[in-house]
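So you can see what is in the structure, the chains are spelled out below.
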Amino acid sequence: MPSSSLLHQTLNPAAPPPRPRPRALKPDILDIDSDRSSSSDSASSASSTASVITVRPSSREAAAGPSSWTQYFERELWLEQDLGHGVKAVYHAYVTPPRDVRKGPLFVCHHGAGASGLSFAVLAREIRGLMPGAGVLALEARGHGSSVTGSDGQEVADYSLETLTMDALNMVMATSKALDWPSLPPLLLIGHSLGGAIMTTLATTHWRALGAALVGYAVLDVVEGSALEALSHMKTYLSSRPRSFPSIAEAVDWHLRSRTIRLRESAEASVPSLLVRSPSRSGSFTWRTDLSTTSSAWEGWFQGMSSKFLTGRGAKLLILAGTDRLDKELMIGQMQGKFQLVVLPEAGHFVHEDVPAKAAGLLVEFWKRNDRSAMVLPPKVSELLAMGKKV
């Protein structure tokens, strides 16, 4: 995996500001269900209370632009949780619920470092095109759209893999509670780069919190060996990227010229969410996420990932942009048939943004192959004997 494969890009020296909270100015735009209590369960290490602000597009608003989230998701969620000890979270996510929560599926997506939930925007649309009844939930990590603050009001700069995994689990559970689902729908976890490490950990050490809902997980273009090798180049990579852009359009064009993202529609959908206006009031845009503040956690994100990927709960899919990314442990596991491997050489690191239609087809096919509700099991011997059949 090239050095750019862990990081989207960023050099913003200031702490990443949270996304602007929606203003409750138009009652027909906002559904606010506050003061919802969340009881303690195995999904969280601390009891939490949660409330949700759900933003839907209003018919009175101007028509959304082609890159608006409303083109790809039904709702934008702001999930407020008290994590205990004075720590408060405002989790941010985009969701299109499944048509039938009992049947699902719900594709739960987590982006890579420096990216955002809208990295999955076009993919979400393509999945729904193939499976109109499916749901898609795109999560955003702390410092990337979600915000976690301490009792002093400052951002909690804990980017360890365990913490990010707990954030992801909290978001899944909070979404279920906010949307009044009686239980979790059947789930397929999807993670790109860092998100792949998070979803793999979720399926390995936290699967009991998801229970029987977890059907499997898919990891997009990240493996332990090449990821760890790339870490020595990360700071050089960051310093070589533009610090700011004069406009959103320039940022989109840079992503396309540098082939960070290879499909214009994907770049137009995701890149605006990666930027904030420069505090210098120059009119320029700078990166939302300061990845240099996460450097102490980089190695821990990927150490042991191959072993966890092979031993996690549920069916396993690995989609890579090149076979050179496989390390020895995964090569052996693939030859033993422990997971499905698909290589898309026409894509770059952001495979789901470069070839979203093809990636969606692979994910939907993977789901259908492992959907337990569609499986027809042979009758038991006792049942055959009861029917008077010879066995």
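Note that this is a predicted model, so its numbers are computed, not measured.

### Some thoughts on unusual backbone geometry
Inference 1: Backbone torsion omega between G104 and P105 reads -5°, so that peptide bond is classified as cis.
Inference 2: Although it is not a glycine, S193 sits at a positive phi angle of roughly 55°.
Inference 3: By the element assignment, S193 lies in the loop between β8 (187-192) and α3 (194-205).

### What about the side chain of E353?
Inference 1: By the secondary structure assignment, E353 is in helix α12 (residues 351-354).
Inference 2: Despite its burial, E353 pairs with no opposite charge, the nearest such side chain being R262 at 11 Å.
Inference 3: A distance of 2.9 Å separates a polar atom in the side chain of E353 from a polar atom in the side chain of S119.

### Topic: the side chain of H92
Inference 1: Relative to the helices and strands, H92 is located in strand β4 (residues 87-96).
Inference 2: Reaching out from H92, the side chain makes a polar contact with the side chain of E76 at a distance of 2.7 Å.

### Comments concerning the packing of helix α1 (residues 121-130) against helix α13 (residues 356-370)
Inference 1: Packing of α1 against α13 leaves a shortest axis separation of 8 Å and a crossing angle of 50°. Compared by their axis directions, α1 and α13 come out oblique. Pair α1 / α13 crosses with right-handed handedness. Contacts from V122, L123, E126, I127 and L130 in α1 reach P356, A357, A359, A360, G361, L363 and V364 in α13.

### Re a nonpolar patch on the surface
Inference 1: Taken together, the side chains of M331, I332 and M335 present a nonpolar region at the surface, about 320 Å² in accessible area.
Inference 2: With respect to the helices and strands, I332 occurs in helix α11 (residues 328-335).

### Things to note about the packing of aromatic side chains
Inference 1: A complete count under the given rule lists 9 aromatic pairs for this structure.
Inference 2: Relative to W254, the ring of F245 lies with its centre 5.9 Å away and its plane at 50°, an arrangement referred to as tilted.
Inference 3: According to the relative accessible area criterion, F245 is buried, its value standing at 5%.
Inference 4: The class of W254 is buried, set by a relative accessible area of 12%.
Inference 5: Feature note: the residues W69, F73 and Y94 constitute an aromatic cluster, connected by ring pairs.

### A closer look at helix α2 (residues 161-178)
Residue pairs spaced three or four apart in an α-helix point in one direction, given the helix's 3.6 residues per turn.
Inference 1: A rise of 1.5 Å per residue sets the reference length of α2, with its 18 residues, at 26 Å; its end C-alpha atoms lie 25 Å apart and thus fit the reference within 8%.
Inference 2: Where burial is concerned, most of α2 is hidden: 16 out of the 18 residues are buried.
Inference 3: Of the residues trailing α2, D180 is marked for its positive phi of about 60°.

### Re the pattern of salt bridges
Inference 1: Here the structure, examined in full by the defined rule, presents 11 salt bridges.
Inference 2: Taking the shortest distance from any N to any O, the salt bridge between R142 and D167 comes out at 2.6 Å. Of this pair, R142 sits in the loop between β6 (135-140) and β7 (147-149) while D167 sits in helix α2; the two residues are 25 residues apart in sequence, bridging distant segments of the chain. The burial state of R142 is the same as that of D167; both residues are buried.
Inference 3: Where E365 meets R369, a salt bridge forms, and the shortest distance between an N and an O atom there is 2.8 Å. Residue E365 and its partner R369 are both found in helix α13; the two are separated by 4 residues, about one turn of the helix.
Inference 4: Judged by relative accessible area, which is 41%, E365 ranks as partly exposed.
Inference 5: Given a relative accessible area of 42%, R369 falls into the partly exposed group.
Inference 6: Three or more residues joined by partner-sharing salt bridges are found here, namely R125, E126 and E265.

About the thresholds
- Sequence order as written defines residue numbering, which begins from 1 separately in each chain.
- Local features are withheld for residues below a pLDDT of 70 in this predicted model, meaning they are given only at 70 or higher, and side-chain atom pairs are given and counted only at 80 or more; totals for whole chains, interfaces and linings count all residues.
- As a rule here, side-chain values come from all non-hydrogen atoms in the structure, and water together with hydrogens is ignored.
- Secondary structure follows DSSP: runs of H or I at least 4 residues long count as helices, runs of E at least 2 residues long count as strands, and numbering of each begins at the N terminus.
- The buried label goes to any residue with under 20% of its type's maximum accessible area, the exposed label to any with over 50%, and the partly exposed label to all in between, with areas taken from a 1.4 Å probe on protein chains only.
- Charge assignment in this entry is limited to Lys and Arg as positive and Asp and Glu as negative, and neither His nor the chain termini are counted.
- A carboxyl oxygen of Asp or Glu within 4 Å of a side-chain nitrogen of Lys or Arg is what we treat as a salt bridge.
- Any N or O atom pair separated by 3.5 Å or less is treated as a polar contact, with the protein-specific requirement of one donor-capable and one acceptor-capable atom, and with residues adjacent in sequence counted only for side-chain atom pairs.
- An axis is simply a line fitted to the C-alpha atoms; with a helix, the fit covers only the stretch in contact. Between two such axes, the angle follows the N-to-C directions and lies from 0 to 180 degrees.
- Under this scheme an angle from 65 to 115 degrees is roughly perpendicular, one under 35 degrees roughly parallel, and one over 145 degrees roughly antiparallel; angles in between are oblique.
- Working rule for handedness: look at the near helix, and if it is turned counterclockwise from the far one by less than a right angle, call the crossing left-handed; if clockwise, right-handed.
- In what follows, a contact means two residues having at least one pair of non-hydrogen atoms within 4.5 Å.
- Two distance rules govern patches: like charges are joined within 9 Å, and nonpolar side chains (Val, Leu, Ile, Met, Phe, Trp, Tyr) within 5 Å, applied only to residues with over 30% relative accessible area and no salt bridge.
- Only the protein chains shown count as cover for residues, with accessible areas throughout obtained via the Shrake-Rupley method and a probe of 1.4 Å.
- Side-chain rings of Phe, Tyr and Trp, where Trp is taken by its six-membered ring, are said to pair if the distance between their centres is within 6.5 Å; with planes under 30 degrees apart they count as stacked, over 60 as edge-to-face, and otherwise as tilted.
- One less than the residue count of a helix, multiplied by 1.5 Å, gives the span that helix is expected to have.

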